[in-house]
Each structure stands twice: as C-alpha cells, then as structure tokens.
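Structural overview
So the chains spell out like this:
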Amino acid sequence: MRPIHDAHVALPGLAVVDVAAADDATAFAVQNLLAAHHAIAPADRTTREPGEPGVRLRCFIDLRQEPDV
C-alpha cells in the first residue's frame, strides 16, 4: 500500500483505515459499514500482497462530516 501522507491525518477528525480481509466482498462490506456512519473517500478496489493471505483495502474517513446518504 502507498504511504500515509501528512495531509491524510492533518486535522483532528481525519483518519486512514486499512482493512485486511479474506476476500473482496468482506473488505467492501466493512467499507460500507464505515460509510453508513461517517463521510469517507471509498476505495474502488482491493490489493493483494504476494505471499500474504487475503486482500487489503484503504479508505479515508472524515469524522467531522455527515455521511452522504
């Protein structure tokens, strides 16, 4: 995964969430749960690390804003 930059967490209420899951469906289900409660910049795909199990997904959350509903 790419590094987390200062801008991603520059202010209180901003966060980066890395999800590790067995499969794409599970990773996106976790992202959907987060999106139901917080404003997020969602990921559109997962990544796989060679030699490691499962998939990874990274999304960016802004706790200062209401989610888009």
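Our structure is the block above this text.
Residues numbered from 1 in each chain as written. Predicted model: local features only at pLDDT ≥ 70, side-chain atom pairs only at ≥ 80, totals over all residues. Heavy atoms only, no water.

1. A few points about the overall build of the protein chain
Broken down by element type, the protein chain carries one helix and three strands. N-terminal to C-terminal, the α/β element order of the protein chain is β-α-β-β. Put simply, of all contacts in the protein chain between residues at least 6 apart along the chain, 58% involve residues at least 24 apart. Accessible surface, the protein chain as shown: approximately 4900 Å² in total, 56% of it carbon and sulfur. (Helix = DSSP H or I, 4+ residues; strand = E, 2+ residues; numbered from the N terminus. Contact = heavy atoms within 4.5 Å. Areas by Shrake-Rupley, 256 points an atom, 1.4 Å probe, with all protein chains shown as cover.)

2. Concerning the sheet that holds strand β3 (residues 55–62)
The three strands are arranged β1-β3-β2 in an open sheet whose pairing can be described as antiparallel. Strand pairing shows two members of the sheet lacking a second neighbour, β1 (14–21) and β2 (39–41), which therefore form its edges. The average angle at which neighbouring strand axes cross in this sheet is 35°, direction not considered. Lying over the sheet, helix α1 (residues 24–35) contacts β1, β2 and β3, oriented at roughly 10° with respect to β3. (Pairing = 2+ DSSP bridges. Axes fitted to C-alpha atoms, helices over the stretch in contact; angles between N-to-C directions.)

3. Let's talk about the environment of R48
Structurally, the position occupied by R48 is in the loop between β2 and β3. What R48 contacts, discounting residues up to four positions off in sequence, is D24, G54 and V55.

Scope: geometric values only; no functional claims are made or implied.
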